[in-house]
Amino acid sequence: LPGETLFAASLLTKAKLIAAGGEELGTGVEAMLGCRSGRPSYLVVAAGGVAGVGETLRRVEWDDARVEGESLVTTLSADQFARAPQLTKDQWPGR
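Residues numbered from 1 in each chain as written. Predicted model: local features only at pLDDT ≥ 70, side-chain atom pairs only at ≥ 80, totals over all residues. Heavy atoms only, no water.

J.: Describe the overall build of the protein chain, and please don't skip the residues or the numbers.
T.: Scanning the protein chain for helices and strands turns up one helix and seven strands. Listed N to C, the secondary structure of the protein chain is β-β-β-β-β-β-α-β in terms of helices and strands. Scaling as 2.2 N^0.38, a compact globule of 95 residues should have a C-alpha radius of gyration of about 12 Å, and the protein chain matches this with 13 Å. Based on the C-alpha atoms only, the size of the protein chain along its principal axes is roughly 45 × 30 × 25 Å. (Helix = DSSP H or I, 4+ residues; strand = E, 2+ residues; numbered from the N terminus. Rg over C-alpha atoms; globule rule 2.2 N^0.38 Å.)

Spelled out as structure tokens, the structure:
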């Protein structure tokens, strides 16, 4: 769109996810995009653990997130995020 602010797609794989209340929920590790539309469908967010050990991967719908500066901000609360679908490493669904 003319005049639309842009961001690097790589931001989606390293940005912190911040809850509606301001808490840090996790870090983006992947973004799933539509093959035809090229638009993000959902984000894979890692939470907890240390250096990838013991972390939980959760699906956050793109409609529930937006980019603000160098962060991802979600409309979800920490409780809602904790109930988001859990994913298995490298086996997240294509839709």
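J.: Lay out the sheet that holds strand E6 (residues 71-74) with the relevant residues and their values.
T.: With respect to topology, seven strands assemble into an open sheet ordered E5-E6-E1-E2-E3-E4-E7, the strand pairing being mixed. If you trace the sheet from one side to the other, it starts and ends with strand E5 (65-68) and strand E7 (86-87), each paired once. (Pairing = 2+ DSSP bridges.)

J.: Lay out the pattern of salt bridges with the relevant residues and their values.
T.: The tally for this structure, following the rule as stated, stands at three salt bridges. A salt bridge links Glu24 to Lys16, with the nearest nitrogen and oxygen atoms 3.9 Å apart. Owing to a relative accessible area of 37%, Lys16 belongs among the partly exposed residues under this scheme. (Salt bridge = Lys/Arg side-chain N within 4 Å of Asp/Glu carboxyl O. Buried < 20%, exposed > 50% of the residue type's maximum accessible area, 1.4 Å probe, protein only.)

J.: A description of the pairing of strand E4 (residues 56-61) should follow, citing residues and the corresponding values.
T.: The sheet contact formed by strand E3 (residues 40-47) and E4 spans six bridges and is antiparallel. Considered in E4, the bridge of Ala46 is made with Leu57. Where E4 and E7 come together, two bridges link them in antiparallel fashion. In the strand pairing of E7, Leu57 is matched with Leu87.

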